Amino acid sequence: MNLFSSSPPKATYTLRVLAHLLRYPDAAFRQHIPEMQLALQNEAALAPMRQAELGALLRHLERAPALEVESEYVELFDRGRRTALHLFEHVHGDSRERGPAMVDLIQTYEKGGMYLGPNELPDFLPVLLEFASTQPPQQAREFLGEIAHIVRNIFSALSARQSPYASVLAAVLELAGEKAEAVAVAPEPAMDESWAEPEVFGGCSTEGQAKPGQPQPIQIVRKSPQPSQGAQA
């Protein structure tokens, strides 16, 4: 099977399995692992090597202690900025552009016939994969291709950490018609550093100023005297 042919394979159930694999591995998730394994095998949308990797991940999630797999997930996806599964975090961060981008994505979903629940964020990768699973094969590939550059960055960060979850992102790239090749990623900032509060006064930044890194002049503007209460306008 040529995953990079002009005719993409039907991957409806495979995309849904990948979406579930990137969700929190709670007890309900583990109950459905045999069904997910069977769906991957029956649809055969992925190369045998990738299916074998995903099968190994599913077995690990099924057999390892629940507390272990749940804590692994939190450490990897909830506390890692490079591996965050909310895609706009990689593009917009906390900037104002994130809100309009969310609205546009919601509209894309609704035009495609999918409506989100009240607690679902549209840029969460499992949500995007579930939407892709509802589209015809060519449209699904094109949609995944639009986010492939972000998926590749997450795949690269997971690969650098030698996480078996990297196989899930590799599968997404291949269904988008891309090769799963890692790229260089910036090192993950320490948790203490990323959450640190700036020092009072001495911690003020000069970034974005005319002469960053140098002392900046402080201008004191004299305040105009206010007219007395009895003064007339």
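Our structure is the block above this text.
Note that the structure is a prediction, hence the values are computed from the model and not measured. (Residues numbered from 1 in each chain as written. Predicted model: local features only at pLDDT ≥ 70, side-chain atom pairs only at ≥ 80, totals over all residues. Heavy atoms only, no water.)

**Re the overall build of the protein**
Secondary structure assignment for the protein yields 12 helices and 0 strands. Helices and strands in the protein line up, N terminus first, as α-α-α-α-α-α-α-α-α-α-α-α. When each of the 233 residues of the protein is scored for burial, the buried share is 36%. Look at the contacts in the protein between residues 6 or more apart in sequence, and 66% of them connect residues 24 or more apart. Carbon and sulfur atoms provide 53% of the accessible area of the protein, an area that totals close to 14600 Å². (Helix = DSSP H or I, 4+ residues; strand = E, 2+ residues; numbered from the N terminus. Buried < 20%, exposed > 50% of the residue type's maximum accessible area, 1.4 Å probe, protein only. Contact = heavy atoms within 4.5 Å. Areas by Shrake-Rupley, 256 points an atom, 1.4 Å probe, with all protein chains shown as cover.)

**Concerning the layout of surface pockets**
Approximately 200 Å³ is the volume found for the second largest pocket. When residues of the lining of the second largest pocket are traced back to their parent elements, those giving at least two are helix H6 (87–91), helix H7 (98–111), helix H9 (137–146) and helix H10 (148–160). Split into classes, the residues belonging to the lining of the second largest pocket amount to 8 nonpolar, 2 polar and 3 charged. (1 Å grid on protein atoms, 1.4 Å probe; cavity = no way out; pocket = protein on both sides within 12 Å on 5 of 7 lines; lining within 4 Å. Points joined across faces, edges and corners; volume = space filled by probe spheres on them. Nonpolar A, V, L, I, M, F, W, Y, C, P; charged D, E, K, R; others polar.)

**Concerning the packing of helix H1 (residues 12–21) against helix H8 (residues 125–133)**
Viewed as axis vectors pointing N to C, H1 and H8 meet at an angle of 170 degrees, and their least axial separation amounts to 8 Å. By the angle between their directions, the pair H1 and H8 is classed as roughly antiparallel. For the pair H1 and H8, contact is made by Thr12, Leu15, Arg16, Leu18 and Ala19 and by Pro126, Leu129, Glu130, Ala132 and Ser133, respectively. Among the residues forming the contact of H1 with H8, the class breakdown is 6 nonpolar, 2 polar and 2 charged. (Axes fitted to C-alpha atoms, helices over the stretch in contact; angles between N-to-C directions. Parallel < 35°, antiparallel > 145°, perpendicular 65-115°, else oblique.)

**Here's the deal with the pattern of salt bridges**
Should the charged atoms of two oppositely charged side chains come close, the side chains can pair. On inspection of all chains with the given rule, the structure shows 7 salt bridges. Close ionic contact of Glu130 with Arg23 constitutes a salt bridge, the shortest N to O distance being 3.4 Å. Placement of the pair is Glu130 in helix H8 and Arg23 in the loop between H1 and helix H2 (27–31), with a sequence separation of 107 residues. Looking at Glu130, the relative accessible area reads 24%, which means it is partly exposed. (Salt bridge = Lys/Arg side-chain N within 4 Å of Asp/Glu carboxyl O.)

**Brief notes about the environment of Leu129**
On the secondary structure map, Leu129 appears in helix H8. Classification of Leu129 as buried rests on a relative accessible area of 0%. C-alpha of Leu129 to C-alpha of Arg16: the two residues are 113 residues apart in sequence and 6.7 Å apart in space. Not counting residues within four places of it along the chain, the set of residues in contact with Leu129 comprises Leu15, Leu18, Ala19, Leu22, Leu144 and Val172.

**Section: the side chain of Glu70**
Position of Glu70 among the secondary structure elements: in helix H5 (residues 66–78). Those residues in contact with Glu70, other than ones at most four positions away along the chain, are Tyr24, Pro25, Asp26 and Arg30.

**Digging into H7**
Compared with the 20 Å implied by 1.5 Å per residue over 14 residues, the 20 Å span of H7 between its first and last C-alpha is a close match. Among the residues of H7, those classed as buried are Arg98, Ala101, Met102, Leu105 and Tyr109. Projection of H7 onto a plane perpendicular to its axis shows the buried side chains occupying an angular sector of 105 degrees, all on one side. Packing partners of the buried residues in H7 comprise H6, H8 and H9. The positive-phi residue at the C-terminal boundary of H7 is Gly113, with phi of around 90 degrees. (Expected span 1.5 Å × (residues − 1). Arc of directions from axis to C-beta.)

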